[in-house]
Amino acid sequence: MEKFKSNLKELRQAAGLTLDELADETGIGKRTIITIENEAGANPSVGTVKRLLKYFEITFEELYPYDNEG
């Protein structure tokens, strides 16, 4: 099974948010955010992903880009 890495860290930094600020704004635990940012194949819940998509106003593909050339 292929493992995908999220763009969460890049999105968070581009928004000028710290880990603590993103956790407070979304209600997602800081440890969960760290895991999503750093581990390819992290498996967040659907609810967590939905919160991130809504907060950043992005699509799933923007959070988890798929490079079909690699």
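Residues numbered from 1 in each chain as written. Predicted model: local features only at pLDDT ≥ 70, side-chain atom pairs only at ≥ 80, totals over all residues. Heavy atoms only, no water.

**Side note on the nonpolar core**
How we decide: What we call a nonpolar core is a set of buried Ala, Val, Leu, Ile, Met, Phe, Trp, Tyr and Cys residues that are connected through their side-chain atoms within 4.5 Å. The cut-offs for exposure are 20% and 50% of the maximum accessible area for each residue type, with area from a 1.4 Å probe on protein chains only; residues under the lower value are buried, those over the upper are exposed, and the others partly exposed. The helix and strand labels rest on DSSP assignments: H or I over at least four residues marks a helix, E over at least two residues marks a strand, and numbering proceeds from the N terminus. By definition, residues are in contact when any of their heavy atoms lie within 4.5 Å.
In terms of nonpolar packing, the biggest core is built from 14 residues, with Leu8, Leu22, Ile33, Leu52, Phe56 and Leu63 touching the most fellow members. Sorting the residues of this core by element identifies α2 (19-26), α3 (30-38) and α4 (46-56) as the ones contributing at least two each. Here the element with the most residues in this core is α4; it accounts for four residues. For leucine 63, the residues in contact, after removing those within four places along its chain, are Lys5, Ser6, Asn7, Leu8, Leu11, Val49, Leu52, Leu53 and Ile58.

**Topic: α4**
To keep it simple, the criterion reads: Taken from the helix axis, the directions to the C-beta atoms give the arc we talk about.
Those residues of α4 lying buried are Thr48, Val49, Leu52, Leu53 and Phe56. Here the buried residues of α4 occupy an arc of 135 degrees about the axis, which is enough to place them on one side. Away from the buried face of α4 by more than 90 degrees, exposed residues Val46, Lys50 and Lys54 are located. Where α4 ends, the next residue or the one after it, glutamate 57, has phi of about 55 degrees, a positive value.

**Observations concerning the packing of α2 against α4**
As a reminder of what qualifies: Convention adopted: a line fitted to C-alpha atoms gives each axis, helices being fitted over their contacting stretch, and angles between N-to-C directions are expressed from 0 to 180 degrees. Any angle that is under 35 degrees is reported as roughly parallel, and any over 145 degrees as roughly antiparallel; angles of 65 to 115 degrees are reported as roughly perpendicular and all others as oblique. Under the grouping applied here, Gly and all other residues not named as nonpolar or charged are polar, the nonpolar ones being Ala, Val, Leu, Ile, Met, Phe, Trp, Tyr, Cys and Pro and the charged ones Asp, Glu, Lys and Arg.
Two elements in contact, α2 and α4, have axes whose closest approach is 10 Å; the angle formed by their N-to-C orientations is 100 degrees. As judged from the angle between their axes, α2 and α4 are roughly perpendicular. Facing α2, whose interface residues are Leu22, Glu25 and Thr26, α4 presents Arg51, Leu52, Tyr55 and Phe56. Per-class residue counts for the contact of α2 with α4 are four nonpolar, one polar and two charged.

**Concerning α2**
Those residues of α2 not exposed but buried are Leu22, Ala23 and Thr26. Buried positions in α2, seen along its axis, are confined to an arc of 100 degrees and lie on one side of it. Away from its buried face by more than 90 degrees, α2 exposes Asp24 and Glu25. Buried residues along α2 sit in contact with α1 (8-14), α3 and α4.

**Details of the side chain of threonine 26**
Here threonine 26 lies in helix α2. Classification of threonine 26 by relative accessible area gives buried; the value is 10%.

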